[in-house]
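In case you want the letters, here they are:
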Amino acid sequence: MRPIVTYVRVSTARQGRSGLGLEAQKAALARFAEAEGFEIAAEFVEVETGKGADALDRRPQLAAALAAARRRKCSVAVAKLDRLSRDVHFISGLMKHKVAFIVADLGADTDPFMLHLYAALAEKERRMISVRTKDALAAAKARGKQLGGLREHGRELQQAAIERARALKPILTELASLSARAAAAELNRRKVDTPTGAPWSAMTVIRARARLAVD
């Protein structure tokens, strides 16, 4: 069996104390290793935010995982891409350590270039949401509308989207053992609509699973 080093991270001390986020990631990595013929040679666990340009300096367990993988000449595996980071520049920086990364949610054969793309898409989406929200508030203010009412309407729309997403949780749970790409293909085959009505993609599955805490 091929060795891998696993890395598990949660962002807050509360999540770390609860063990829920950590245990879910460990279970996902164990299922992935068994399905793909890997042996977990070492496991590193961290409770630390992934934000900031100095994130690696503040994440000693990730640095230790990289060192262990170099010694064993193997890859570092994470359950989801955001357990490394949501920042594309941070992901790019990790690639310079010449250690291969495997994201269980994306599948064992995902090209490193695709990891950059997925991270870049997620980062761009966050920026676009922030810009659209600010523009909408500014436009409403210019028209003399009460921002409180607009925010209330925004909360209603957000709640409706959450409810539509929750309706998907049973089928996403059913497909939890599949990679994000395989799950997207199956959802499209079954003609299951996304909350926005667009076709499913691996990134859409990743976001839905994260939003609904499907592991």
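All figures in this text were calculated on a predicted structure; none of them were measured in a lab.

### A few points about the pairing of strand 3 (residues 75-78)
Alright, step 1. Along strand 3, one buried face is formed by S75 and A77 and the opposite face, lined by V76 and V78, is buried too.
Alright, step 2. Bridge count for strand 1 (residues 2-10) against strand 3 is three bridges, and the pairing is parallel. The partner of V5 across the bridge, within strand 3, is V76.
Alright, step 3. In terms of strand pairing, strand 3 meets strand 4 (residues 101-103) through three bridges, oriented parallel. Note that in strand 4 the partner of A77 across the bridge is I102.
Alright, step 4. Handedness of the β-α-β unit built from strand 3, helix 4 (residues 88-95) and strand 4 comes out right-handed.

### A short note on the environment of A184
Alright, step 1. With respect to the secondary-structure elements, A184 resides in helix 8 (residues 180-189).
Alright, step 2. Placed 16 residues apart in sequence, A184 and W200 show a C-alpha to C-alpha distance of 5.1 Å.
Alright, step 3. With residues near it in sequence (within four places) discarded, A184 still touches W200, S201, A202 and V205.

### Quick word on the packing of aromatic side chains
Alright, step 1. For the structure shown, the criterion picks out one aromatic pair.
Alright, step 2. Between F32 and F38, the aromatic rings sit 5.8 Å apart at their centres with planes inclined by 20°, giving stacked as the arrangement.
Alright, step 3. Judged by its relative accessible area of 8%, F32 falls in the buried class.
Alright, step 4. Its relative accessible area of 8% is what places F38 among the buried residues.
Alright, step 5. Between R2 and the ring centre of F38, over which it is positioned, the NZ or CZ distance is 4.1 Å.

### Points about helix 3 (residues 60-72)
Alright, step 1. Its 13 residues give helix 3 an end-to-end C-alpha distance of 18 Å, which sits within 8% of 18 Å, the value for a rise of 1.5 Å per residue.
Alright, step 2. Buried positions along helix 3 lie against strand 1, strand 2 (38-47), strand 3, helix 4 and strand 4.
Alright, step 3. Once helix 3 finishes, K73 follows within two positions and takes phi at roughly 55°, a positive value.

Reading the values: the criteria
Residues numbered from 1 in each chain as written. Predicted model: local features only at pLDDT ≥ 70, side-chain atom pairs only at ≥ 80, totals over all residues. Heavy atoms only, no water. Buried < 20%, exposed > 50% of the residue type's maximum accessible area, 1.4 Å probe, protein only. Helix = DSSP H or I, 4+ residues; strand = E, 2+ residues; numbered from the N terminus. Pairing = 2+ DSSP bridges. Right-handed = clockwise from strand over helix to strand, strands pointing away. Contact = heavy atoms within 4.5 Å. Phe/Tyr/Trp six-rings, centres within 6.5 Å; stacked < 30°, edge-to-face > 60°. Lys NZ or Arg CZ within 6 Å of the ring centre and 35° of its normal. Expected span 1.5 Å × (residues − 1).

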